[in-house]
Amino acid sequence: MKLRVGILGATGAVGQKFVRLLEGHPWFELTALAASERSAGKSYGEAAHWIESTPLPASVAQMEVRLCEPGLDCDLVFSGLDSSVAGPVEKAFAAAGYPVISNAKNHRMDDDVPLLIPEVNPEHLALIERQNHASSGFIVTNPNCATVGLTMALKPLQDAFGIDAVQVTTMQALSGAGYPGVASLDAVANVIPFIGGEEDKLETEPLRLLAPLASNNGEPAVIPLEIPISAQCNRVPVLEGHMECVSVKLHGSPSMERVRQALADFVWPSEVAALPSAPVRCLDLLEDETAPQPRRDVHRGAGMTVSIGRLRSCPVFDVRFVVLSHNTIRGAAGGAILNAELLASRGLLLHRDRPS
Ligand code: NAP
């Protein structure tokens, strides 16, 4: 029997991506949609301004949007909630026994909450043990949409050599700002060299994701690495796909050949490779000197593959390259669904009684 899933923030850009990616999912069945009081009580077709490029499934269009309150008819919830409300709402659902798989920033750095990329740090799921919800509820988060691509590219380098310093400049898609997002007169034919809070996330989240699982008084713990990361973030008029120009200083200044090999040969856990939403390759190392490009490469691996191109030596650091990842699939809904699949495969998602 499939697990019944609900979406909090179902009407937004990320919520809509969840709706699309969950259509026909082999393990999950969409049974509940929730958003703000502006949308509650309406049909989803009425409440959501559908921005996906495939038609809204008729069965979903007819579903009623509910308030984001426990009591939803589902076994777990995905959260695509605005961060102004996600914190307490997600806590309330976890306390009521729902596993919460969140995209929002609010709980990402909580000591007892896994910040998860299945190919990078599946062992961090052990932190769930520390969440003291009486029932089966807990919170698991996925990282900021620009953090995902950067961290997946850094993971093989940290494993093979160790990283001394990182400099990253991003070119981030408009869909990363949600809907309606950036005003068209600001966005068209323009670049905005500021995305509120984004640089701080890029400078901190990878340090937690790349840290090994440690023990603190016998309890699982994650102590963030201490690697300087300098980030500059820009909003560019691209629809989907965050691109990042990255320079990395490595321990021992390894040869370019060894760096290329480390990226090309990256092996991720087989339990993750077997999940329904896992791409065949989670990293694609592209040799074409004009790659990666959002229009050409963002849909690799159905939006779950991170592309790396322009790999070459750096006269200031050791190596430099360009990373591209899909911000609303790998960086949000697709990443969260992969997280839920990992939880399900480990038996951490259970069927709940239907609300009376
Ligand atoms: P969005 O398009 O603005 O959608 C926000 C959602 O939150 C809507 O469903 C909205 O419902 C709901 N909401 C707002 N206020 C609420 C309230 N008071 N009570 C209940 N629901 C409320 O934003 P988004 O881009 O989808 O982002 C959603 C979350 O994911 C954010 O935390 C964002 O930081 C994170 N995220 C986004 C991306 C991306 O690429 N876009 C990537 C990674 C993470 P109504 O329609 O009813 O107002």
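Quick caveat, the model's predicted, so the values are computed rather than measured. (Residues numbered from 1 in each chain as written. Predicted model: local features only at pLDDT ≥ 70, side-chain atom pairs only at ≥ 80, totals over all residues. Heavy atoms only, no water.)

Draft legend 1. A look at the site of the ligand. Of all residues adjacent to the ligand, which total 27 residues, the nearest are Thr 11, Ser 36, Arg 38, Ser 39 and Leu 81. Within the side chain of Arg 38, one N or O atom sits 2.7 Å away from an oxygen atom of the ligand. Here a nitrogen atom of the ligand and a backbone polar atom of Ser 175 are 3.0 Å apart. Relative to its unbound accessible area of 900 Å², the ligand is 81% covered by the protein chains. For the shell around the ligand, the elements supplying multiple residues, two or more each, are helix H1 (13-22), helix H4 (83-95) and helix H11 (329-345). Tallied by class, residues from the shell around the ligand come to eleven nonpolar, 14 polar and two charged. Both domains that furnish three or more residues to the shell around the ligand are identified here as domain 1 (3-144 + 333-345) and domain 2 (145-326). (Near = heavy atom within 4 Å. Polar contact = N/O pair within 3.5 Å; in protein donor to acceptor, adjacent residues only side chain to side chain. Areas by Shrake-Rupley, 256 points an atom, 1.4 Å probe, with all protein chains shown as cover. Helix = DSSP H or I, 4+ residues; strand = E, 2+ residues; numbered from the N terminus. Nonpolar A, V, L, I, M, F, W, Y, C, P; charged D, E, K, R; others polar. Domains from an automatic or database assignment.)

Draft legend 2. Representation of the environment of Glu 219 within the structure. Examined against the element boundaries, Glu 219 turns out to sit in strand S9 (residues 219-222). Sequence-distant contacts of Glu 219, that is, excluding residues within four places in its chain, are made with Arg 130 and Ala 214. (Contact = heavy atoms within 4.5 Å.)

Draft legend 3. Looking closely at the pairing of strand S11 (residues 242-250). For S11, a buried count of seven out of nine residues is recorded, marking the element as mostly surrounded by other parts of the structure. Direction of pairing for strand S7 (residues 163-172) relative to S11: antiparallel, over a ladder of eight bridges. Across the sheet, residue Met 171 finds its bridge partner in S11, namely Met 243. (Buried < 20%, exposed > 50% of the residue type's maximum accessible area, 1.4 Å probe, protein only. Pairing = 2+ DSSP bridges.)

Draft legend 4. Representation of the sheet that holds strand S2 (residues 28-35) within the structure. Sheet architecture is open: six strands sit in the order S3-S2-S1-S4-S5-S6, paired in parallel fashion. In this open sheet, the two edge strands, each paired with only one partner strand, are strand S3 (65-67) and strand S6 (138-141). Direction aside, neighbouring strands of the sheet carry axes that sit 30 degrees apart on average. Note that strand S1 (residues 3-8) and strand S4 (residues 76-79) share four bridges and pair parallel. Counted as the bridge partner of Gly 6 is Val 77 from S4. Seen against the sheet, H1 touches S1, S2 and S4 and runs at an angle of roughly 160 degrees to S1. (Axes fitted to C-alpha atoms, helices over the stretch in contact; angles between N-to-C directions.)

Draft legend 5. The arrangement of the domain arrangement of the protein chain in detail. Taken domain by domain, the protein chain comprises domain 1 (3-144 + 333-345) and domain 2 (145-326). Taking only C-alpha atoms into account, the centre of domain 1 sits 24 Å from that of domain 2. Contacts between the two partners involve 36 residues from domain 1 and, on the opposite side, 37 residues from domain 2. Both sides of the domain 1 and domain 2 interface together cover about 3000 Å² of buried area, and 67% of this is carbon and sulfur. Applying the counting criterion to the domain 1 and domain 2 interface returns three salt bridges. Residue Arg 130 is joined to Glu 219 by a salt bridge in which the shortest nitrogen-to-oxygen separation is 3.7 Å. Remark: the boundary between domain 1 and domain 2 carries 15 residue pairs in polar contact (both at pLDDT 80 or more). Elements with a minimum of two residues in the side of domain 1 that touches domain 2: H1 and H11. (Buried area = accessible area lost by both parts, 1.4 Å probe. Salt bridge = Lys/Arg side-chain N within 4 Å of Asp/Glu carboxyl O.)

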